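Close look at the chain arrangement
Next come the chains, spelled out residue by residue.
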Amino acid sequence: PPWSGTTNRDWMNSTTSAPSAVRLSANISAKTGACSFADSGDFTPYESKYISAAEELGIAIGTDTESGRCFLPDNCITDEEAALIVCRIAALSGMDMVGSDVSVAVMENDEYDALAVLASSGVFTSSTPQAELSRSDTVEMLYALFCGRK
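Residues numbered from 1 in each chain as written. Predicted model: local features only at pLDDT ≥ 70, side-chain atom pairs only at ≥ 80, totals over all residues. Heavy atoms only, no water.

Now for the overall build of the chain. Helix and strand counts for the chain come out as 6 helices and 2 strands. Starting at the N terminus and ending at the C terminus, the chain contains elements arranged as α-α-α-β-β-α-α-α. Here the chain holds 150 residues, and the buried ones make up 41% of them. Considering only contacts within the chain whose residues lie at least 6 apart along the sequence, 69% involve residues at least 24 apart. Accessible area of the chain: about 7,700 Å², with a carbon and sulfur share of 50%. (Helix = DSSP H or I, 4+ residues; strand = E, 2+ residues; numbered from the N terminus. Buried < 20%, exposed > 50% of the residue type's maximum accessible area, 1.4 Å probe, protein only. Contact = heavy atoms within 4.5 Å. Areas by Shrake-Rupley, 256 points an atom, 1.4 Å probe, with all protein chains shown as cover.)

What follows deals with the nonpolar core. Core analysis: the biggest nonpolar cluster contains 36 residues, and Cys87, Val98, Tyr112, Leu118 and Met141 have the highest contact counts within it. Elements that contribute at least two residues to this core include exactly α3 (45–57), α4 (79–93), α5 (114–120) and α6 (135–147). At 8 residues, the largest contribution of residues to this core is made by α4. Apart from the residues within four sequence positions on either side, leucine 118 is in contact with Ala83, Val86, Cys87, Met97, Val123, Phe124 and Met141. (Core = buried A, V, L, I, M, F, W, Y, C linked by side-chain atoms within 4.5 Å.)

All right, on to the environment of valine 104 then. Mapped onto the elements of the fold, valine 104 is located in the loop between α4 and α5. The sequence separation of valine 104 and leucine 92 amounts to 12 residues, and the corresponding C-alpha distance is 7.3 Å. Sequence-distant contacts of valine 104, defined by excluding residues within four places in its chain, comprise Leu57, Gly58, Arg88, Ala91 and Leu92.

Written as structure tokens, this is what we have:
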């Protein structure tokens, strides 16, 4: 149903094309490299530009599969994955919620707890990191990220 989980495709389209994403627009438009995800043939030309930019910026790193590293655009994104993407965007945008000394590369470490960062900054809380992110939680996270709540 349309109110169920948010897919990776939905999430990336929302985070990279939202009008309030002006902070990232210079970074995104400067990126023109080809996408290296093994499933890049599944993307529309429009999606490919933004997914490629997100990959190049370290926002989206994909999932290792038998076919190689894939974006898996039709899979639902988990609370934990979305929190990590929000923290990466916040770090690239210089937002205080992640700390000025935290780089996107640090966030690739399995010990980085993006959900704890979002909870401590009042952006989002989840007791089930592997749960599918709901559409209402997507709106809550994006509103906090792009409209500056906390």
